Amino acid sequence: MSANATRRRTTAIALAAGLTAGATLALCGCGSKGGSDAAASSAASPRTSASTPADTASATASPSASPSASPSASGTAGAGSGGSAASAPGQSARTAASTAPLNGTKGTGLTISDGSRYVVMNGTRVDFGTPVRDLSWSPDGRRAAFVDGAGDLAVSRPDGTGRVVVARDTGGQVWSHPAWLTRAASPQDSLPPLDELVFTAAGPGAGGTTRLYSVPASGGTPQLLGLSGEPGGSDVKPLPKTGNTWAAGGGDAGTIVYENTADGQVYIRDDNLRQQGSALTKGSEPTLAGGENADDEGSEIVFVRSVDGHDHLFAGHFTADGPVYQDLTPHAATNYAEPALSPDGRQIAARTPDGVVVLPADGSAAPVRVSGYHGLPAYRRS
């Protein structure tokens, strides 16, 4: 990411601390979607038994493997849901062929994880050898992070091989939605490189309360993620420490966005020159672009907000005067959820009750369904 992009994001953090959500909106929206339901869904989701690890996992799934048979009821699955589990791999080829949905992921970098051991990507399904939930990709596209069948945090190669458990949940929590927090080394600023995973932890006995933790991507002991507000005097409210979830990273500037289910706002956190953060606007399930051209030729942040009874997609651009937001689906007749931004910020994928759709990040065209698979979309840089 360019130095100008980093400066714009840092400026946006500082400006957001002194601006209300209404003052920064380009278009009017009404409230945020039910983030507390998302947290409760994550905390209540059952833990799946780990399947036997496969050191030489097949690069493609068996042709008889079938995708999820039933669509999401609302298209607004919460953090950690990762979509419906796939049907049994033993399903007959005849049945699979008759129910196989669209799979328009070939050559697009789009991937879909649905809680099964198979990840949809590049026009096929890749067997990771263990259930894969809430898959995310490192900025360079060379590593996948996900919650495995044992509920632990794992990292692997893009084909599922070389899987390493970087953190084990020994406290009976529910972990979900890992995101990459990376920063290139900056010798002139005496900053070492940063390569961590940020994830949501819920419970036990927390009544749906969630917190963000971080752990080195190479493995280690998870620690509570530091959340410091932008310095600005005694009137600056401290950032909430609980109810935080759905972190998403982008690029190597040490920046993430996340949602808070208690106040229904999207937050940004910058760890480039000094750790700081603030609320941006009302919304949930944010995602952040991290490509070289994201700031100049595409959207930088996309999130979900409830408008007139449906969950819409909003895109945001960080400018010198503060963030500006646009409703990309003003005439939505369905619910859009779990958006993902392409690395260059030009395309968005989102989950709907009918599968995964894509649309240009500038809102110049309507969403188009590209896959009938029901799961969490993510983009991988190839």
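Above this text sits the structure in question.
A brief structural summary.

## Notes on the sheet that holds strand β2 (residues 118-121)
Alright, step 1. If you walk across this open sheet you meet the four strands as β3-β2-β1-β24, and the pairing is antiparallel. Each end of this open sheet is capped by a strand with a single partner; those strands are β3 (124-127) and β24 (376-379). Strand-to-strand twist of the sheet, defined as the mean angle between neighbouring strand axes without regard to direction, takes the value 30°.
Alright, step 2. Pairing of strand β1 (residues 110-113) with β2, which is carried by three bridges, proceeds in the antiparallel orientation. The partner of Thr111 across the bridge, within β2, is Met121.

## Remarks on unusual backbone geometry
Alright, step 1. With a phi close to 60°, Asp134 is a non-glycine residue in the positive phi region.
Alright, step 2. Position of Asp134 among the secondary structure elements: in strand β4 (residues 133-137).
Alright, step 3. Here Asp134 falls in the buried class, since its relative accessible area comes to 2%.
Alright, step 4. Backbone geometry places Trp246, a non-glycine residue, at a positive phi of 55°.
Alright, step 5. Mapped onto the secondary structure, Trp246 falls in strand β12 (residues 244-249).

## Let's talk about the sheet that holds strand β6 (residues 153-156)
Alright, step 1. Strand order across the open sheet formed by four strands is β4-β5-β6-β7, with antiparallel pairing between neighbours. Lying at the two open borders of the sheet, with one neighbouring strand each, are β4 and β7 (164-167). Going across the sheet, the axis of each strand differs from the next one's by a mean of 30°, ignoring polarity.
Alright, step 2. For β6 and β7, the ladder comprises three bridges, and the chain directions are antiparallel. If you follow Leu153 over to β7, its bridge partner there is Ala167.

## Side note on the pattern of salt bridges
In a structure, side chains of opposite charge can pair up when their charged atoms sit close to one another.
Alright, step 1. This model, assessed by the stated rule, comprises five salt bridges.
Alright, step 2. Here Arg143 makes a salt bridge to Asp195, at a shortest N to O gap of 3.0 Å. Placement of the pair is Arg143 in the loop between β4 and β5 (144-147) and Asp195 in strand β9 (residues 194-202), with a sequence separation of 52 residues.
Alright, step 3. For the salt bridge of Arg351 with Glu338, the shortest nitrogen-to-oxygen distance reads 3.3 Å. On the criterion of sequence distance, the pair formed by Arg351 in strand β21 (residues 347-352) and Glu338 in strand β20 (residues 337-341) is long-range, its members being 13 residues apart.
Alright, step 4. Look at Arg351 and you get buried, because its relative accessible area is 2%.

## Quick look at the packing of aromatic side chains
Alright, step 1. Scanning all chains against the criterion turns up six aromatic pairs.
Alright, step 2. With centroids separated by 4.7 Å and ring planes inclined at 50°, the aromatic side chains of Trp175 and Phe199 adopt a geometry described as tilted. Taken together, the residues Trp175 in strand β8 (residues 174-183) and Phe199 in strand β9 connect sequence positions 24 residues apart. Accessibility assignment for this pair places Trp175 and Phe199 in one class, buried.
Alright, step 3. Both rings, one in Phe303 and one in Phe314, keep their centres 5.7 Å apart while their planes meet at 15°; by these two values the pair is stacked. With Phe303 in strand β17 (residues 301-307) and Phe314 in strand β18 (residues 310-319), the pair connects residues that are eleven residues apart, well separated along the chain.
Alright, step 4. We classify Phe303 as buried; its relative accessible area is 0%.
Alright, step 5. Judged by its relative accessible area of 0%, Phe314 falls in the buried class.
Alright, step 6. One aromatic cluster is present, built from ring pairs that chain together Trp175, Phe199 and Tyr213.
Alright, step 7. Stacked on the ring of Phe314, the Lys or Arg Arg305 has its end atom at 4.6 Å from the ring centre.

## A closer look at the pairing of β5
Strand residues, when the strand is regular, have side chains that alternate between the two faces of the sheet.
Alright, step 1. The alternating pattern of β5 places Ala144 and Phe146 on one face and Ala145 and Val147 on the opposite face, and all of these are buried.
Alright, step 2. As defined by bridge partners, β4 adjoins β5 across three bridges and the pair is classed as antiparallel. The residue bridging Ser136 from the neighbouring strand is Ala145, located in β5.
Alright, step 3. Between β4 and β5, which pair antiparallel one after the other, the connecting turn spans six residues, and Gly141 there sits at a positive phi close to 75°.
Alright, step 4. Here β5 pairs with β6 via four bridges, running antiparallel. Paired with Val147 across the bridge in β6 is Leu153.
Alright, step 5. Between β5 and β6, which pair antiparallel one after the other, the connecting turn spans five residues, and Gly151 there sits at a positive phi close to 85°.

## Looking at the environment of Thr281
Alright, step 1. Among the structural elements, Thr281 can be located in strand β15 (residues 276-282).
Alright, step 2. Exposure remark for Thr281: the relative accessible area of 1% places this residue in the buried category.
Alright, step 3. Separated by 16 residues in sequence, Thr281 and Gln265 have C-alpha atoms that sit 5.5 Å apart.
Alright, step 4. Within the local environment of Thr281, its side chain forms a polar contact with the side chain of Arg305, the two groups lying 2.8 Å apart.

So, how was this worked out
- Residues numbered from 1 in each chain as written.
- Predicted model: local features only at pLDDT ≥ 70, side-chain atom pairs only at ≥ 80, totals over all residues.
- Heavy atoms only, no water.
- Pairing = 2+ DSSP bridges.
- Helix = DSSP H or I, 4+ residues; strand = E, 2+ residues; numbered from the N terminus.
- Axes fitted to C-alpha atoms, helices over the stretch in contact; angles between N-to-C directions.
- Buried < 20%, exposed > 50% of the residue type's maximum accessible area, 1.4 Å probe, protein only.
- Salt bridge = Lys/Arg side-chain N within 4 Å of Asp/Glu carboxyl O.
- Phe/Tyr/Trp six-rings, centres within 6.5 Å; stacked < 30°, edge-to-face > 60°.
- Lys NZ or Arg CZ within 6 Å of the ring centre and 35° of its normal.
- Polar contact = N/O pair within 3.5 Å; in protein donor to acceptor, adjacent residues only side chain to side chain.

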